[in-house]
Amino acid sequence: MTIYPAIDLFEGKAVRLKRGDYERMTVYSDDPPGVARGFRAQGAVAVHVVDLQGARDGSPVNFDTIERIVEEFGQFVQVGGGIRAADTVEKYLSIGVKRVILGTAAVSAPGFLKEMIRAFGDAIAVSVDIKDGCAAIAGWTQASSTDALEFCDTVAELGVRTLICTDISKDGMLGGTNMELYATLREKLPINIIASGGITTLDEIASLSERGIDGAILGRSIYTGSIKLPEAIMAARKGAQK
């Protein structure tokens, strides 16, 4: 299982939200590329980057910062947030981003999702953020009427190979993740599953890995130091060996 330390961007800074609430934002660094460099030094082979302004407003805002993160990190970078046009996908891939994540566009414009899968294949992932059982959109600020688990089935049928799933109620709260949700998704879907939201302990990381989850995104836990990144990477490896 791959550990993805998260870098959420707002106004060029690395931040974290609580339960997707933009009014509950903590700024952790004025130097996101430096944060990425630090993650690499601790053994990370991949990072998860989200343009929170882009997700909320509908178009990327922090492109220049993301380009610098890609340069500084030098390994696998996946990016999401406000990506709702083909030229945006192409622009990110052209600077070395390895995987582009569609969220709102995947829910509200399934035709666009199909087009992107045809054009870019495995370089396209879908993020489903669950709010009250439905897929949230617009940077978590709105709940759609789309049942989240049904949506997961649909994107798998369309050919998406990687699904990132976040239980918004858990995100940023350091209260534990939704293990039942990921067990259900692993049982239902023959695609790569990346867990996100509330992962708090090394035991949770090991358990996710044992259950066949392909990746785990860590945010507030590594910024506060409640989980040490090298220990998280080791826990994921040990879980996969059981």
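Quick summary incoming for the structure in this document. (Residues numbered from 1 in each chain as written. Predicted model: local features only at pLDDT ≥ 70, side-chain atom pairs only at ≥ 80, totals over all residues. Heavy atoms only, no water.)

What about the overall build of the chain?
- Summing up its helical and strand segments, the chain has eleven helices and twelve strands in all.
- Restricting to contacts in the chain with at least 6 residues of sequence separation, those with at least 24 account for 66%.
- Surface exposure of the chain reaches about 10,000 Å², of which carbon and sulfur atoms provide 44%. (Helix = DSSP H or I, 4+ residues; strand = E, 2+ residues; numbered from the N terminus. Contact = heavy atoms within 4.5 Å. Areas by Shrake-Rupley, 256 points an atom, 1.4 Å probe, with all protein chains shown as cover.)

Some words on the pattern of salt bridges
- Inspection of every chain in the model, using the stated rule, returns five salt bridges.
- As a salt-bridge pair, Arg56 and Asp57 come within 2.9 Å of each other at their nearest N and O atoms.
- Overall, the relative accessible area of 34% leaves Arg56 in the partly exposed class.
- Residue Asp57 is classed as partly exposed on the basis of its relative accessible area of 48%.
- The salt bridge partner of Arg186 is Asp214, with a shortest N-O separation of 3.0 Å. Linking Arg186 in helix α8 (residues 179-188) with Asp214 in the loop between α9 (202-210) and β12 (215-218), this pair joins segments that are 28 residues apart in sequence.
- Using a relative accessible area of 28% as the deciding quantity, one classes Asp214 as partly exposed. (Salt bridge = Lys/Arg side-chain N within 4 Å of Asp/Glu carboxyl O. Buried < 20%, exposed > 50% of the residue type's maximum accessible area, 1.4 Å probe, protein only.)

What to know about helix α6 (residues 110-120)
- The set of residues buried in α6 consists of Phe112, Leu113, Met116 and Ile117. Within α6, the buried residues cover an arc of 140 degrees as seen down the axis, which keeps them to one side. In α6, the exposed positions that point more than 90 degrees away from the buried face belong to Arg118 and Ala119.
- Gly121, located one to two residues past α6, shows a positive phi value of around 55 degrees. (Arc of directions from axis to C-beta.)

Quick look at the packing of aromatic side chains
- In total, this model carries five aromatic pairs according to the counting rule given.
- Seen in terms of ring centroids, Tyr4 and Phe76 are 6.5 Å apart; in terms of plane orientation they differ by 70 degrees. Their pairing is edge-to-face. Of this pair, Tyr4 sits in strand β1 (residues 2-10) while Phe76 is found in strand β5 (residues 76-80), placing the two residues 72 residues apart along the sequence.
- Under the relative-accessibility criterion, Phe76 is labelled partly exposed at 26%.
- The rings of Tyr28, Phe39 and Tyr223 are connected pair by pair, giving a single aromatic cluster. (Phe/Tyr/Trp six-rings, centres within 6.5 Å; stacked < 30°, edge-to-face > 60°.)

Re helix α3 (residues 63-73)
- Turning to α3, its buried residues number three or more, namely Phe63, Thr65, Ile66, Ile69, Val70 and Phe73. One side of α3 holds all its buried residues, which, seen down the axis, span an arc of 160 degrees. Within α3, the exposed residues directed more than 90 degrees away from the buried face are Asp64 and Glu71.
- Residues of α3 that are buried sit in contact with β1, α1 (32-41), β4 (46-51), β5 and α4 (86-94).
- Looking one or two residues beyond α3, the residue adopting positive phi is Gly74, at roughly 75 degrees.

Digging into the environment of Val50
- Here Val50 is to be found in strand β4.
- For the pair formed by Val50 and Ile101, sequence separation is 51 residues and the distance between their alpha carbons is 9.0 Å.

Focus: the nonpolar core
- Membership of the largest hydrophobic core comes to 65 residues, with the highest contact counts inside it found for Ile7 and Phe39.
- If sequence neighbours within four positions are ignored, Phe39 has contacts with Pro5, Ala6, Ile7, Ala44, Val47, Phe73, Ile222, Tyr223 and Leu229.
- Ala46, Ile101, Ile164 and Ile194 belong to the second largest nonpolar core, which has eight residues in total. (Core = buried A, V, L, I, M, F, W, Y, C linked by side-chain atoms within 4.5 Å.)

Quick look at the pairing of β4
- For β4, the tally of buried residues reaches six of six residues, placing the bulk of the element in the interior.
- Here β4 shows a buried face lined by Ala46, His48 and Val50 and a second buried face lined by Val47, Val49 and Asp51.
- Taken together, the four bridges between β1 and β4 define a ladder with parallel strand orientation. When the sheet's bridge partners are listed, Ile7 is paired in β4 with Val49.
- Direction of pairing for β4 relative to β5: parallel, over a ladder of five bridges. Bridge pairing links Val49 to Val79 in β5. (Pairing = 2+ DSSP bridges.)

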